[in-house]
Amino acid sequence: MDQPSSSPSRRVVIALSSSAAAVAALAACTPTGSGESSAAGTPGAGGSDPAAGTGSSAGSARGPSLAKTADVPVGSSKLVGTGNAQVLLSHPAEATFRAFSPSCTHQGCTVEVRSDMFVCPCHGSEFALADGAVLQGPATRPLIERKVTVAGGTVYLA
Ligand code: FES
């Protein structure tokens, strides 16, 4: 029998490509930053923004800034950030900011902001602005929440 000389090298190339993709995917999913103590959305015990933004009691590790608090009025939400830091930033109550991954939990399409909910353009799933809960399928799981901190009138990804 002939040995196809190109088959082994093709397999090696495919295996290496798959491994590299898997490593990249894992790296993208791995949380960065060691301080994950910040409260999600609600500014915790203080109840309001620490005006100075320094010396707050919770972890000082902050991610990128997402928006000024004034840019997201109470009862609204907007898509902010870029790349992996892109989130749906929601302001459901006076002192509460929450953020969610914009990836639909059904099949991963990017959901869109509507006046009072998030809607997936692919198959029509709807999610609550306040907590990312499923309002209508086919998605069965809520949007994945991202932790945020609020300091000095700015919302940061934690
Ligand atoms: Fe969002 Fe299917 S991917 S509803």
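Residues numbered from 1 in each chain as written. Predicted model: local features only at pLDDT ≥ 70, side-chain atom pairs only at ≥ 80, totals over all residues. Heavy atoms only, no water.

Some thoughts on the sheet that holds strand β6 (residues 117–119)
We count it as follows: By the convention used here, strands pair only if DSSP detects at least 2 bridges between them. Only DSSP runs of H or I with at least four residues qualify as helices, and only runs of E with at least two residues qualify as strands; both kinds are numbered from the N terminus onward.
Ordered by their spatial adjacency, four strands build an open sheet running β5-β6-β7-β8, and the pairing between neighbours is antiparallel. Only two strands of the sheet have a single partner each, and these edge strands are β5 (112–113) and β8 (134–136). Where β5 meets β6, two bridges bridge the pair, whose relative direction is antiparallel. Counterpart to Glu-112 in the pairing with β6 is Val-119.

Thoughts on the pattern of salt bridges
Formally: We define a salt bridge as a side-chain nitrogen of Lys or Arg found within 4 Å of a carboxyl oxygen belonging to Asp or Glu. Relative accessibility thresholds used throughout: buried, under 20% of the residue-type maximum; exposed, over 50%; partly exposed, between the two (1.4 Å probe, protein chains only).
Evaluation of the coordinates by the stated rule reveals two salt bridges. When the shortest N-O distance is used, the salt bridge between Arg-98 and Glu-145 registers 2.8 Å. With Arg-98 in strand β4 (residues 96–100) and Glu-145 in strand β9 (residues 145–146), this residue pair connects regions lying 47 residues apart in the sequence. Residue Arg-98 is classed as partly exposed on the basis of its relative accessible area, which comes to 23%.

Brief notes about the nonpolar core
Side chains that are nonpolar tend, in soluble globular proteins, to be buried together. In plain terms, the rule: Take the buried Ala, Val, Leu, Ile, Met, Phe, Trp, Tyr and Cys residues and link them wherever side-chain atoms come within 4.5 Å; each set so joined is a nonpolar core.
Ranked by size, the top nonpolar core spans 12 residues in total: Leu-66, Ala-67, Val-72, Val-80, Val-87, Leu-89, Phe-97, Ala-99, Val-148, Val-150, Val-155 and Leu-157. Listing elements by their share of this core, those giving two or more residues are β1 (65–68), β3 (87–93), β4, β10 (148–151) and β11 (154–157). Judged by nonpolar contacts, the second largest core, of nine residues, contains Val-111, Phe-118, Ala-139 and Leu-143.

Quick look at the state of the cysteines
Heads up, the condition is: Criterion for a disulfide: a pair of cysteine sulfur atoms within 2.5 Å.
Applying the stated criterion across every chain yields a total of one disulfide. Sulfur-sulfur distance for the disulfide between Cys-109 and Cys-122 comes to 1.9 Å. Of note, the bridge from Cys-109 to Cys-122 carries an S-S torsion of about -95 degrees and is left-handed in sense. Of the two residues, Cys-109 is situated in the loop between β4 and β5 and Cys-122 in the loop between β6 and β7 (126–128); the sequence distance between them amounts to 13 residues. Cys-122 gets classed as partly exposed once you look at its relative accessible area, which sits at 38%.

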